[in-house]
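Structure at a glance
What follows is the residue order along each chain.
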Amino acid sequence: MIYTVPDFQNPAGVTLSFARRKQLIALANCHGLIVLEDTPFRHIRFSGQNLPTLQSLDTEGRVIHLGSFSTVLVPGLRIGWAVAAPALLSRLGLLRVAAGTQTSTLQRAAASLFLDHHDLTAHIAPLQTAYARKQEAILDAIRQHFPQKITVTDP
Ligand SMILES: Cc1ncc(COP(=O)(O)O)c(C=O)c1O
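First, a word on scope: everything that follows refers to the structure included in this document. (Residues numbered from 1 in each chain as written. Predicted model: local features only at pLDDT ≥ 70, side-chain atom pairs only at ≥ 80, totals over all residues.)

Some points on the overall build of the chain
Helix and strand content of the chain: five helices and four strands. When the helices and strands of the chain are listed from N to C terminus, the series reads β-α-β-α-β-β-α-α-α. Among the 155 residues that make up the chain, the fraction classed as buried is 12%. In the chain, 70% of the contacts between residues at least 6 apart in sequence involve partners at least 24 apart. (Helix = DSSP H or I, 4+ residues; strand = E, 2+ residues; numbered from the N terminus. Buried ≥ 20, exposed ≤ 12 C-beta atoms within 10 Å, placed from the backbone. Contact = placed C-beta atoms within 7 Å.)

Printed below as a string of structure tokens:
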């Protein structure tokens, strides 16, 4: 299995280029590997354009795409989602039960209720603006102490 954080990898913030995304899928196909695509930060991009997900480049149903509500709903909620081929998802569900790390039922009910009554995509847009403002505040503070050392590029 290949585990990867292709968007804003933690802690370096590196984003996998389109060419390397295609190479990674080709590698997985060649070796018959499952790819676990972890994207907790993808949805809060506040500048530039998202690159295609690995899952969208996958033609063999071997990518499991993960997202986290911790970054878009409530920090530290520790509830996420998985998108995968049905055969993979059912096996993942069994592993989840076997691992015995049950997330709080109350938190899952709250997240589920939110999704029933709100548009998650509309909810995310103002978050991107808020994160951009926070980035500027952090960069301003760092620049005051290290004026020459800061370069920010859009991945
Ligand atoms: C690589 C990675 N995956 C996933 C997550 C999200 O974890 P959780 O949904 O448990 O908060 C984080 C949070 O920082 C992370 O750094």
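Remarks on the site of the ligand
Lining the immediate environment of the ligand, one finds Val-5, Asn-10, Asp-38, Pro-40, Ser-68, Ser-70, Arg-78 and Gly-80. Residue composition of the shell around the ligand, grouped by class: two nonpolar, four polar and two charged. (Near = placed C-beta within 6 Å. Nonpolar A, V, L, I, M, F, W, Y, C, P; charged D, E, K, R; others polar.)

A closer look at the sheet that holds strand β3 (residues 63-68)
Pairing in this open sheet of four strands is mixed, and the strands run β1-β2-β3-β4 from one edge to the other. The sheet is open, and its two edges are formed by β1 (2-4) and β4 (80-83), each paired on a single side. On average, each strand axis in the sheet is inclined to that of its neighbour by 15°, with strand direction left out of account. By the bridge criterion, four bridges tie β3 to β4 in an arrangement that is antiparallel. If you follow Leu-66 over to β4, its bridge partner there is Ala-82. (Pairing = 2+ DSSP bridges. Axes fitted to C-alpha atoms, helices over the stretch in contact; angles between N-to-C directions.)

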